[in-house]
Amino acid sequence: MWRKLTFSHGVHPPEHKELTNQVPIRRMPFPDEIVLPVRQHAGRPAKPIVKPGDWVERGDKVAEADGFVSVPIHSSAAGRVVEVGWWPHPDGTMAEAIMIQVEKYSPQIPRPRQIPRWEGLSPQEVVSWVQKGGVVGLGGAAFPTHVKLLPPKEFPIQLLLVNGAECEPYLTTDHRTMVEFPHRVWFGVRIMMKALQVQRAVIGVEKNKPDAIEILSKTRPPDLNAEVIGLTVKYPQGAEKMLIKAVTGREVPSGKLPMHVGVVVQNVGTISCIAEIFETGLPLIERVVTVTGPGVRRPSNLIVPVGTKIRDVLEFCGGLTEDVTEVITGGPMMGGAQPNLDAPVTKGITGIVALTRKEARIRQVYPCIKCGHCLDACPMFLNPSLMGSLAQTARYQEMADRAHLWDCMLCGACSYVCPSNIPLSQMFALAKYQLSRLRKKEQAA
Ligand code: SF4
Ligand code: SF4
């Protein structure tokens with residue numbers, strides 16, 4: 001069979017999308033200050049090319065890519081550079097960042113720029129525009145997009161798979177993008193098909209977004225060999241490997257990538273961002289963010305200039321209620337709690353979710369009772385119970401060798417079902433971090 005519409009295992013957390021799934025996207029005003037970390041993507045951080053005192057226009061490059069797996073950073077507003085230093089990063093660490101005082105009275109009109117005429121460009125030139133535009137995966141992973149568009153020749157790509165699943169609870173960023181900008185999504189699909197030289201594209205959307213499925217189906221350009229597929233609503237349907245399994249029936253083997261089964265997956269927000277580059281010539285300087293949760297006074301879908309502080313975004317949405325105990329960036333399944341609301345919105349931040357005492361209550365952790373629920377939930381068919389017990393005694397290498405830690409995508413499905421409230425996916429994230437550090441140390445030695 002060509003396709004099945006779901007994958008095995010997975011969970012069904014409450015969706016909570018009703019807070020924002022009918023709220024149109026609005027543009028947020030420019031803040032007084034933006035903070036642009038040079039590390040906003042997977043791979044090597046960008047290198048600053050501005051210094052305090054420099055004037056920048058909206059869209060100007062302020063840090064350049066450092067190698068192939070890296071992208072440049074551009075200013076999302078006109079203003080003056082006040083500092084290049086260290087600032088809280090939304091991942092909880094401190095990171096090198098460029099601070100820009102935004103010019104209050106600037107009309108924020110970017111410099112005149114070349115708009116690439118995509119029809120006349122070679123696939124390599126299209127890819128080069130994508131890298132110059134600083135584009136990364138906007139679904140959360142922030143992997144430089146151009147890298148995915150240049151697979152080695154021995155792995156020919158047959159299918160462009162556009163990820164419109166948005167299976168994380170609360171988030172409606174992709175949903176609203178599909179509903180409000182369907183022509184832009186299709187334009188992006190057209191450009192990506194050219195870059196990858198593929199004959200076929202599929203947009204996969206969970207069936208809890210019937211309006212998105214309908215409008216994308218109605219607006220599909222007749223000359224494109226592309227279709228929109230409604231997928232079973234299940235978490236983590238939007239994970240690359242799960243999406244490929246659901247749409248094509250193909251399994252991405254352990255340790256391999258989608259290109260090894262002839263597929264490239266791009267998030268629908270990324271596709272829309274690429275379309276904008278070819279419409280306006282502007283790089284990635286703003287993104288759609290869902291600001292939601294019971295602790296936000298005015299849940300919204302916003303276009304936010306990259307670098308706006310989380311605190312400013314929340315204030316624009318009416319602020320937080322008194323009983324908020326946790327603010328998460330990303331969704332509640334894979335996102336991280338924010339220790340510092342002065343951290344900025346980076347390119348990979350899909351949502352800001354404010355939870356109150358009721359949702360974010362601290363639960364007592366009990367020993368594993370070997371119930372097996374986590375095994376039934378894991379979409380990668382791992383043994384989270386075993387990995388959890390190895391993690392408790394810091395046997396990280398054994399987790400990798402015996403329990404396939406590197407196949408874990410930190411989706412959080414196991415933690416969600418665990419009756420003992422064991423924070424399994426957080427333990428696995430720590431194990432991966434420690435192993436990566438060890439590897440880097442060994443390489444440096
Ligand atoms: S976090 Fe890892 S181990 Fe847990 S369900 Fe997801 S993939 Fe499986
Ligand atoms: S779900 Fe929790 S308690 Fe049950 S086997 Fe897995 S780790 Fe143990």
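Residues numbered from 1 in each chain as written. Chains lettered and ligands numbered in written order. Predicted model: local features only at pLDDT ≥ 70, side-chain atom pairs only at ≥ 80, totals over all residues.

A. A look at the overall build of the protein chain. When helices and strands are tallied, the protein chain shows 13 helices and 17 strands. At 21 Å, the protein chain has a C-alpha radius of gyration in line with the 22 Å of a compact globule built from 445 residues. Going through the 445 residues of the protein chain one by one, you find that 49% of them count as buried. Sequence separation of 24 or more characterises 72% of the internal contacts of the protein chain that already satisfy a separation of 6 or more. (Helix = DSSP H or I, 4+ residues; strand = E, 2+ residues; numbered from the N terminus. Rg over C-alpha atoms; globule rule 2.2 N^0.38 Å. Buried ≥ 20, exposed ≤ 12 C-beta atoms within 10 Å, placed from the backbone. Contact = placed C-beta atoms within 7 Å.)

B. Representation of the site of ligand 2 within the structure. Neighbouring residues of ligand 2: 15 residues in total, closest Cys-368, Cys-371, Cys-374, Ser-385 and Cys-418. For the shell around ligand 2, the secondary-structure elements that each account for two or more residues are helix H9 (373–377) and helix H10 (384–392). The biggest single contributor to the shell around ligand 2 is H10, with 3 residues. (Near = placed C-beta within 6 Å.)

C. Broad picture of the domain arrangement of the protein chain. Along its sequence, the protein chain is carved into domain 1 (8–27 + 122–362) and domain 2 (373–444). Computed from C-alpha atoms alone, the centre-to-centre distance between domain 1 and domain 2 is 25 Å. With 12 residues of domain 1 at the contact, the number on the domain 2 side is 14 residues. Along the lines of polarity and charge, the residues of the side of domain 1 that touches domain 2 split into 8 nonpolar, 4 polar and no charged. (Domains from an automatic or database assignment. Nonpolar A, V, L, I, M, F, W, Y, C, P; charged D, E, K, R; others polar.)

D. Representation of the sheet that holds strand E13 (residues 286–292) within the structure. Taken together, the 6 strands give an open sheet; going across it, the order is E1-E14-E13-E17-E15-E16, and neighbouring strands pair in mixed fashion. Each end of this open sheet is capped by a strand with a single partner; those strands are strand E1 (25–27) and strand E16 (336–337). Judged from the 3 bridges that link them, E13 and strand E17 (residues 351–356) form a sheet pairing that is parallel. Residue pairing for E17: Thr-292 is matched across the bridge by Val-353. Relative to E13, helix H3 (residues 173–180) is tilted by about 120 degrees, and along the sheet it contacts E1, E13, strand E14 (300–305) and E17. (Pairing = 2+ DSSP bridges. Axes fitted to C-alpha atoms, helices over the stretch in contact; angles between N-to-C directions.)

E. Focus on the packing of helix H1 (residues 123–132) against helix H4 (residues 182–196). The interhelical angle for the contact between H1 and H4, taken along N-to-C directions, is 125 degrees, at an axis separation of 7 Å. Classified by the angle their axes make, H1 and H4 are oblique. Crossing handedness for the pair H1 and H4: left-handed. Residues Pro-123, Val-126 and Val-127 of H1 touch H4, and the partners they reach there are Ile-191, Lys-194 and Ala-195. (Parallel < 35°, antiparallel > 145°, perpendicular 65-115°, else oblique. Left-handed = near helix turned anticlockwise from the far one by under 90°.)

F. Seen up close, helix H13 (residues 424–444). Counted at 1.5 Å a residue, the expected span for H13 with its 21 residues is 30 Å, and the 30 Å between its end C-alpha atoms agrees. Inspection of H13 places Leu-424, Ser-425, Phe-428 and Ala-431 among the buried residues, and these make up the whole buried set. The buried side chains of H13 occupy one side of the element, clustering within an arc of 110 degrees when seen end-on. Exposed and oriented more than 90 degrees from the buried face of H13 are Tyr-433, Arg-437, Lys-440, Lys-441 and Ala-444. Of the surrounding secondary structure, the elements contacted by the buried residues of H13 are H9, H10, helix H11 (396–403) and helix H12 (413–417). (Expected span 1.5 Å × (residues − 1). Arc of directions from axis to C-beta.)

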